[in-house]
Structure formats: C-alpha cells, structure tokens
Amino acid sequence: TNVNAVRLMAGLAKYASEQVYWAKDIIFLVTDGGEHGIETWLKSYHGGGGLYVRSGIIQAAVCLELPPAQSYAGMGLFFEGKSGQLPNLDLVNIVQYISRVERIPAYLHGLVDAPRSSTWLEKYKRSARLLLRQVSSLAMGKSVGIHAPFLRYRIDALALSGLVRPTDPVGLEYLRTGVAPAMPAAYTIRAIGRTVESTLRSLNNLLEHFHQSFFFYILPANEKYISIGDYIPAAGLMVASLLFQAMHLWWMQGSDDMRSDSPATRIERINAYYAFLRRTLPNTIGIIARVHLLGVVLLVAPIAVPYAVLTNTT
C-alpha cells in the first residue's frame, strides 16, 4: 500500500491551495493499478478518453512511493524509464540538491554516496556498482518506478521512494500482517514533503521548459555524471564496424564480371569469407581484451601510484 504517499499528497494539496504564489497548475493524481492506472489517465488527459478538464502541457511529474513506516532511513531516487528513457538531468539535480538541504540521504539504486573519509578504492567500487546497476537497467529496458508512463509522453518525471528502516516497528508489522496500522506524522515524512514542495516551487519558477541540459547520461555518484559525449564514440565505432562489414561483403562479391556468376558460386565465396572470420575471431577478441586492459591500467595508474607513494611516506 502507498497510504503514506496519499496522506502526504493530501497535506500538500491543502497547503498548496492556501498559497497565492503558484504560476502553474498542480495536479495531484492518485490511481490504482500502478503504471497501468497512470497510463490510462495520461491517455485520457491527452484526448484519448472522457477527461474534459485539462490544464495544458504537463511540464514535469514527481511520483511518490512511501510504504507504511514511522520513519525512513532515506529517500530512494529513481529516474530510469522503459527503453532507456531518462528525464532531463536538471530535474534530477534539483531533487538531489533539495534533499541535501533537507538532510535526507538520496539513494540511487539503493546506494548512497561514499563518506568523504573513504579511500579512493571504496569510492571507486561504489561508483562502479552504481554504474553497472544503471547501465543494466537501461539495457534491459525495464522501468524502476511508477514514473515510466510520464517519460513515454515526453514528460520529465522521477520517483521518490521512502526506504524503510530494518528495525521500524510499523514496517515490520505491515510486512507480517499485510495491514497498514495508524502512523504518527514522522519527521522524515515531513522532510520528504518539504522536498516535494521545494521541487514544485523550483518548477513553478521556470519561465520555460528544460532544453539546455542532458537527456542521455549516467550517474556514477550523486553529484557526478557521465555525458553522452564521453561514451558515444564507442557506440559510433560499433555502428561503423557494421558499415565496414557490409562494404566488405559487397567487395567480396567481386567485380561486375564476378557478380554475373551463378548464385551458388557467390554463396560459396561468401561462406569462405565467413569461415575466414571464424578463424580470426579468437585473435580479434584477444586484441580487444589487451586494449581494454591497457585502458584500465592508464585509468588506475594516476590514482594508484600517488596513493601508494603517500601511504609509504606516512
């Protein structure tokens, strides 16, 4: 059940209706059926159903997932959608900055930033784990939250999920009985509410939609990102390899005189070419492995050598 999120949204709606500084409309949406319910509402909102009251173009969406608990250990931030869709990086940065002001740890895929006192190896391992989780999520094309339908409609969206403490009595009772008991207003719930309200204020102050930020990125840490310009050359080389192979196959068919040969002769020539590729494949894989190993050495050496010298000196 998402009862805490419904309660929080009701409180935010009551608070927002009493303010006069809103320059944009705010829609508080509660649906059943998870993503299917949101998808149905979006279709109706965009003219696919019987929803006649609209409020113009939706600029952004913040989805709440707060399971029953007295308090939360932190706030999970989920932004990947289906088929590798991502919201504008500015929206993610806004929520992360506000969460730091509210002193709520923002977890990305269940991982929080390593402490400042951590060694470079611990920070590297944490960033590598987060990087692999995000890349696998984007590669699998599966959504990680109820915000995915908004991204399919080109609406910047993300999901905020309360992470229940392992020792929380309310959360343990809910897991044991399946019934959500009455819960007091916890400080962390109010802090998450302030985070959402501050996010809405930030979106309210925008004069236009996000357009000069990033839509393709990977976050190895809360305050660090890898732009598409850093990894698009590898994808370009992969695409170029297919083009070169196609050109090679065209060349293997030979001159105009050779193209006049019978289909059986051309197929035999192409099969011989593929047999040659299979023989050279192990050597090619070895070259790729050695190049990657060299890249790892060049990446780690500037960090590991000064650290080893410093350790030996101290």
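As the structure is a prediction and not an experimental result, all values here were calculated from the model.

Calculation rules
- Residues numbered from 1 in each chain as written.
- Predicted model: local features only at pLDDT ≥ 70, side-chain atom pairs only at ≥ 80, totals over all residues.
- Heavy atoms only, no water.
- Core = buried A, V, L, I, M, F, W, Y, C linked by side-chain atoms within 4.5 Å.
- Buried < 20%, exposed > 50% of the residue type's maximum accessible area, 1.4 Å probe, protein only.
- Helix = DSSP H or I, 4+ residues; strand = E, 2+ residues; numbered from the N terminus.
- Contact = heavy atoms within 4.5 Å.
- Phe/Tyr/Trp six-rings, centres within 6.5 Å; stacked < 30°, edge-to-face > 60°.
- Lys NZ or Arg CZ within 6 Å of the ring centre and 35° of its normal.
- Salt bridge = Lys/Arg side-chain N within 4 Å of Asp/Glu carboxyl O.

**Q** I'm lost on the nonpolar core in this one. Help?
**A** A general tendency of soluble globular proteins is for nonpolar side chains to be buried together. If you look at the biggest cluster of nonpolar residues, it comprises 36 residues, and the most contacted ones within it are Phe79, Val92, Leu158, Leu160 and Ile192. Looking at this core, the elements that each hand over two or more residues are α1 (3-17), β1 (60-65), β2 (72-78), α3 (89-101), β4 (156-164), α7 (187-204) and β5 (217-221). Once you skip the residues sitting within four places of it in the chain, leucine 160 turns out to touch Val62, Cys63, Leu64, Glu65, Met75, Gly76, Leu77, Val95 and Val196. In terms of nonpolar packing, the next biggest core, distinct from the first, is built from 12 residues, Ala61, Phe78, Phe150 and Ala157 among them.

**Q** Hey, could you run me through the packing of aromatic side chains in this one?
**A** In this description, a pair of aromatic rings is defined by centroid distance and the angle of the planes. Within the structure shown, the criterion is met by four aromatic pairs. Ring geometry for phenylalanine 214 versus tyrosine 225: centroids 5.0 Å apart, planes at 40°, classification tilted. With a gap of 11 residues between them, phenylalanine 214 in the loop between α7 and β5 and tyrosine 225 in strand β6 (residues 224-227) connect regions that are remote in the sequence. The lysine or arginine in question, arginine 201, covers the ring of tyrosine 21, its NZ or CZ lying 4.1 Å from the ring centre.

**Q** Looking at this structure, how should I read the pattern of salt bridges?
**A** Inspection of the entire model under this criterion finds five salt bridges. The partner of lysine 14 in a salt bridge is glutamate 18, with the nearest N and O atoms 3.1 Å apart. Judged by relative accessible area, which is 54%, lysine 14 ranks as exposed. Residue lysine 82 is joined to glutamate 35 by a salt bridge in which the shortest nitrogen-to-oxygen separation is 3.4 Å. Residue lysine 82 is found in the loop between β2 and α3, and its partner glutamate 35 is found in helix α2 (residues 35-48); the two are separated by 47 residues along the sequence. Of the residues examined, lysine 82 reaches a relative accessible area of 31% and is grouped as partly exposed. Relative accessible area serves as the criterion here: at 21%, glutamate 35 is assigned to the partly exposed category.

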